[in-house]
Amino acid sequence: MRTKNFNKIFIVGMYGTGKSTLAKKLSKLLRIKCYDLDELKYIRKYDKIRSVESRLKILNKITKRKSWIVEGAWTSYALDAYKRANLIVFFKIPKWILYKRILLRYFKRKMENKTYVNNNLKNTIQIMKKVGKYYKNSEDYLSLETHQRLIDKHAKRVLVLRNNKEVKRFVEEIKNEK
């Protein structure tokens, strides 16, 4: 895949798929600023929420720039990103892997000496329940089917990543183009 033509990249998928990690790697390799949709949602992370109107204005402003990488799980709120991206990277990771990653992230953070907001077992279980719903409930605003529909409708170019091997291969391709 020739990445030189891609300067507006939207990385989408469920929690725990590796969106943030890939966005940071691509940002560094391609020298394109990356934006986390969770950062747009909160005035103060996981505490004070921006209005939907405010989030949409910020996202609209970002996606009008000449280059950007946006990552997140948003569906219809992220229409500007779906429409304006010249590459959508879609993480379609099996549910059981996401459960494992979410649990590992919880325990890893518990072992660190840093404080993470909402890193508790109750929140971790809620996230895992949302992951289960994502794969089951096509009517939910945040579902695999909803992501797929938006991608099918708006994407110019799509790269589907299903495992770490595919992610590593994609990153290596970009490195080799440099």
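Residues numbered from 1 in each chain as written. Predicted model: local features only at pLDDT ≥ 70, side-chain atom pairs only at ≥ 80, totals over all residues. Heavy atoms only, no water.

**Student:** Help me understand the sheet that holds strand S2 (residues 34-36), please; the structure alone is not making it clear to me.
**Tutor:** Strand-to-strand pairing in sheets goes through backbone hydrogen bonds, with the strands running parallel or antiparallel. Strand order in the open sheet formed by 5 strands is S2-S5-S1-S6-S7, and the pairing between neighbours is parallel. With one partner strand each, in any of the chains shown, S2 and strand S7 (158-161) form the two edges of the open sheet. Averaged over all neighbouring strand pairs, the angle between strand axes comes to 15°, with direction disregarded. Against the sheet, helix H7 (residues 144-154) contacts strand S1 (8-12), strand S6 (87-91) and S7, and its axis sits at roughly 165° relative to S6. (Pairing = 2+ DSSP bridges. Helix = DSSP H or I, 4+ residues; strand = E, 2+ residues; numbered from the N terminus. Axes fitted to C-alpha atoms, helices over the stretch in contact; angles between N-to-C directions. Contact = heavy atoms within 4.5 Å.)

**Student:** When you look at the packing of aromatic side chains in this model, what are you seeing that I'm missing?
**Tutor:** By convention here, two paired aromatic rings are described through the distance between centres and the angle between planes. The full count for this structure, using the stated rule, is 4 aromatic pairs. Geometrically, the ring pair formed by Trp74 and Tyr77 is edge-to-face, given 5.9 Å between the ring centres and 75° between the ring planes. A relative accessible area of 10% places Trp74 in the buried class. Residue classification places Tyr77 among the partly exposed residues on the basis of a relative accessible area of 37%. Look at Tyr106 and Phe107: their rings are 4.9 Å apart centre to centre, the planes differ by 65°, and that puts the pair in the edge-to-face class. Of the residues examined, Tyr106 reaches a relative accessible area of 10% and is grouped as buried. Since its relative accessible area comes to 48%, Phe107 is described here as partly exposed. Taking NZ or CZ as reference, Arg55 lies 5.5 Å from the ring centre of Tyr77, over its face. (Phe/Tyr/Trp six-rings, centres within 6.5 Å; stacked < 30°, edge-to-face > 60°. Buried < 20%, exposed > 50% of the residue type's maximum accessible area, 1.4 Å probe, protein only. Lys NZ or Arg CZ within 6 Å of the ring centre and 35° of its normal.)

**Student:** Would you explain the nonpolar core in this entry?
**Tutor:** For soluble globular proteins, nonpolar side chains are generally found buried alongside one another. Core analysis: the largest hydrophobic core is formed by 47 residues, its most contacted members being Ile9, Phe10, Ile11, Leu22, Leu26, Val89 and Phe170. Apart from the residues lying within four places of it in its own chain, the contact partners of Ile11 are Lys19, Leu22, Ala23, Leu26, Ile69, Val70, Glu71, Gly72, Val89 and Phe91. (Core = buried A, V, L, I, M, F, W, Y, C linked by side-chain atoms within 4.5 Å.)

**Student:** Please clarify how helix H6 (residues 121-136) should be interpreted in this entry.
**Tutor:** Note: α-helices contain 3.6 residues per turn, so residues at a spacing of three or four share the same orientation. Helix length check: H6 (16 residues) gives 23 Å between terminal C-alpha atoms against 22 Å at 1.5 Å per residue, within 8%. The backbone nitrogen of Lys122 has a side-chain oxygen 3.2 Å away, supplied by the residue at the start of H6, namely Asn120. (Expected span 1.5 Å × (residues − 1). Polar contact = N/O pair within 3.5 Å; in protein donor to acceptor, adjacent residues only side chain to side chain.)

**Student:** Even after reading the chapter, I still don't get the pairing of strand S5 (residues 68-72), so can you show me in this structure?
**Tutor:** In regular strands, side chains alternate between the two faces of the sheet. Among the 5 residues in S5, 5 count as buried, and that is most of the element. Neither face of S5 is left uncovered, since the one carrying Trp68, Val70 and Gly72 and the one carrying Ile69 and Glu71 both have all their residues buried. When S2 meets S5, the two strands line up parallel, connected through 3 bridges. If you follow Tyr35 over to S5, its bridge partner there is Val70.

**Student:** Is there a simple way to explain the environment of Gln148 in this structure?
**Tutor:** As for its position among the elements, Gln148 is in helix H7. A residue is classified by how much of its surface remains accessible, and Gln148, at 23% relative accessible area, is partly exposed. Ignoring anything within four residues of it in the chain, the contact list for Gln148 reads Phe90 and Lys92.

**Student:** Quick question: what am I supposed to make of the packing of helix H5 (residues 95-111) against H6 here?
**Tutor:** Each pair of packed helices gets described by two things: the angle between the helix axes and the distance between those axes. Packing of H5 against H6 leaves a shortest axis separation of 10 Å and a crossing angle of 165°. One finds that H5 runs roughly antiparallel with respect to H6. As for how H5 packs across H6, the hand of that crossing is right-handed. Across the interface between the two elements, Lys95, Leu98, Tyr99, Ile102, Leu103 and Tyr106 from H5 touch Leu121, Thr124, Ile127, Met128, Val131, Gly132 and Tyr135 from H6. Among the residues making up the contact of H5 with H6, the classes are represented as 10 nonpolar, 2 polar and 1 charged. (Parallel < 35°, antiparallel > 145°, perpendicular 65-115°, else oblique. Left-handed = near helix turned anticlockwise from the far one by under 90°. Nonpolar A, V, L, I, M, F, W, Y, C, P; charged D, E, K, R; others polar.)

**Student:** Whenever I open this one, helix H3 (residues 52-63) confuses me. Can you help?
**Tutor:** Helix length check: H3, at 12 residues, gives a terminal C-alpha distance of 16 Å against a target of 16 Å (1.5 Å per residue), a fit within 8%. For H3, the complete set of buried residues consists of Arg55, Leu59, Ile62 and Thr63. One side of H3 carries all its buried residues, which in axial view fall inside an arc of 90°. Turned more than 90 degrees away from the buried face of H3 sit Glu53, Lys57 and Lys61, all of them exposed. Packed against the buried residues of H3 are S2, helix H2 (37-41), strand S4 (48-49), S5 and helix H4 (79-84). (Arc of directions from axis to C-beta.)

This is a description of form; function is not addressed.
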